[in-house]
Amino acid sequence: MKRSILLAAALLAASPAAAQVPAFQSQVEAFDDFATASASMPAAERVKAFRAKFDALLPGFYEPRFGATEAQYDARVQKALEAYPPTRDKVLAAAREFAGAYATASAHFRGVFPDYAPTMPIYLIHSLGEMDGGTRELRGRTVAIFGADMIAKIHDGGTIGPFLDHELFHFHHARYFPDCPALWCSLWQEGLAVYVAARMNPGADDRALLLTIPRPIRPEVEPKLAQAMCFVRARLGSTDQDDYATFFFGKGGKAQGSWPPRFGYYLGYVLAKQLGGTMTLDALARLPPEQVKAKLEAALAAYRC
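Residues numbered from 1 in each chain as written. Predicted model: local features only at pLDDT ≥ 70, side-chain atom pairs only at ≥ 80, totals over all residues. Heavy atoms only, no water.

Enquirer: What's the story with the environment of Ala117 in this structure? I'm lost.
Expert: Note that Ala117 resides in the loop between α4 (70-112) and β2 (122-125). Judged by relative accessible area, Ala117 falls into the partly exposed class, the value being 38%. For Ala117, the residues in contact, after removing those within four places along its chain, are Arg110 and Arg175. (Helix = DSSP H or I, 4+ residues; strand = E, 2+ residues; numbered from the N terminus. Buried < 20%, exposed > 50% of the residue type's maximum accessible area, 1.4 Å probe, protein only. Contact = heavy atoms within 4.5 Å.)

Enquirer: How should the pattern of salt bridges be read in this particular structure?
Expert: Pairing between side chains becomes possible if they bear opposite charge and their charged atoms approach one another. By the definition in use, this model includes 15 salt bridges. Here Arg139 makes a salt bridge to Asp55, at a shortest N to O gap of 2.7 Å. Taken as a pair, Arg139 in the loop between β3 (133-138) and β4 (141-147) and Asp55 in helix α3 (residues 43-57) lie far apart in primary sequence, 84 residues in all. Judged by its relative accessible area of 52%, Arg139 is exposed. On the accessibility criterion, Asp55 (23% relative accessible area) is partly exposed. Here Glu297 makes a salt bridge to Lys293, at a shortest N to O gap of 2.8 Å. Residue Glu297 and its partner Lys293 are both found in helix α13 (residues 289-301); the two are separated by 4 residues, about one turn of the helix. A relative accessible area of 36% means that Glu297 is categorised as partly exposed. (Salt bridge = Lys/Arg side-chain N within 4 Å of Asp/Glu carboxyl O.)

Enquirer: Explain the sheet that holds β3 to me, please; I cannot follow it from the model alone.
Expert: Sheets are built from strands paired through backbone hydrogen bonds, the pairs being either parallel or antiparallel. Here 4 strands make up an open sheet; going across it, the order is β1-β2-β4-β3 and the pairing mixed. Only two strands of the sheet have a single neighbouring strand rather than two, namely β1 (25-26) and β3. (Pairing = 2+ DSSP bridges.)

Enquirer: I'm lost on the packing of aromatic side chains in this one. Help?
Expert: What describes a pair of aromatic rings is the distance from one ring centre to the other and the angle between the planes of the rings. Using the criterion set out here, one finds 32 aromatic pairs in the structure. Each ring, one from Phe50 and one from Phe54, has its centre 4.4 Å from the other, and the planes form 25°; the classification is stacked. One end of the pair, Phe50, and the other, Phe54, are both in helix α3, 4 residues apart, so they sit about a helical turn from each other. Members of the aromatic cluster, connected to one another through ring pairs, are Phe66, Phe231, Tyr244, Phe247, Phe248, Phe249, Trp259, Phe263 and Tyr265. Directly above the ring of Phe61 sits Arg65, whose terminal nitrogen or CZ lies 4.5 Å from the centroid. We note Lys224 situated over the ring of Trp259; from NZ or CZ to the ring centre the distance is 4.6 Å. (Phe/Tyr/Trp six-rings, centres within 6.5 Å; stacked < 30°, edge-to-face > 60°. Lys NZ or Arg CZ within 6 Å of the ring centre and 35° of its normal.)

Enquirer: For this particular structure, what's the right way to read unusual backbone geometry?
Expert: Glycine aside, the phi torsion of most residues is negative, and most peptide linkages are trans. Of the consecutive residues Ile213 and Pro214, the connecting peptide bond is found in the cis state with omega at -5°. Of note, Pro214 is situated in the loop between α7 (183-200) and α8 (218-221). Positive phi, normally seen in glycine, also occurs at Phe66, with a value near 55°. Summarising the element assignment, Phe66 is placed in the loop between α3 and α4. Here Arg262, not a glycine, exhibits a phi torsion of approximately 70°, which is positive. When you line up the elements, Arg262 lands in the loop between α10 (241-248) and α11 (263-276).

Written out as structure tokens, the structure is:
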């Protein structure tokens with residue numbers, strides 16, 4: 001496994017274009033080694049050893065977040081370790097194939113955004129089911145994460161390209177659009193990333209744009225789009241984690257009602273498409289927050305509640 005990653009890196013480095021590929025660090029091999037070697041350990045001891053080892057490798061990721069307690073997080077670690085053996089081959093295959101897909105995606109992305117130069121560290125890990133890709137604030141630093149376990153579960157040849165375009169755009173966009181806790185920021189960040197992936201992959205369907213997870217979003221939202229836009233408009237300034245979950249989490253939040261999980265991605269995409277039809281992707285990426293907020297408010301005001 002480790003040799004295959006290093007070989008892929010060596011082959012990539014042999015071409016001029018590949019020299020521009022931002023480096024990433026894989027911790028999938030370390031997870032595999034630990035999960036295999038610790039299989040016979042008592043559960044509580046195994047979880048404790050896991051957290052000690054992996055907290056040192058990626059400080060801040062393998063600890064309770066999003067309101068979880070220590071006990072809840074320990075249970076999550078135990079469940080992931082126990083569920084790993086049947087998924088092992090797929091996870092390791094996804095990790096092996098990632099280097100090539102990532103290099104291809106980086107070259108594709110630089111064809112649209114020539115100044116792409118992420119400043120954050122990039123990791124390929126086993127995310128314990130948390131994510132296929134994205135950024136996280138961990139103990140005061142922003143890091144980019146790819147979860148080989150979720151990539152193996154969710155992605156294939158038809159989705160991996162648009163997915164990587166989406167995530168690389170987040171890494172790039174962070175240079176021009178600082179993260180903020182208000183819901184409108186996430187609406188723009190996520191919606192614009194979907195729109196960029198759509199523009200960079202003409203003909204990409206909703207599955208390729210990840211608008212069908214955990215179920216198709218467009219068919220449920222489009223017939224009552226104005227109502228959905230009014231729903232988000234009333235919460236634009238919210239910093240409540242539950243409101244965020246309602247729009248962007250797979251399980252939703254307390255205000256979910258009849259709306260599908262993750263429907264904020266679709267609403268943001270529709271708004272980005274409305275605002276970006278006459279702009280280059282580079283210009284959209286560079287829009288400052290105050291302009292974005294004003295444009296979103298104006299676009300949402302056009303929907304009748």
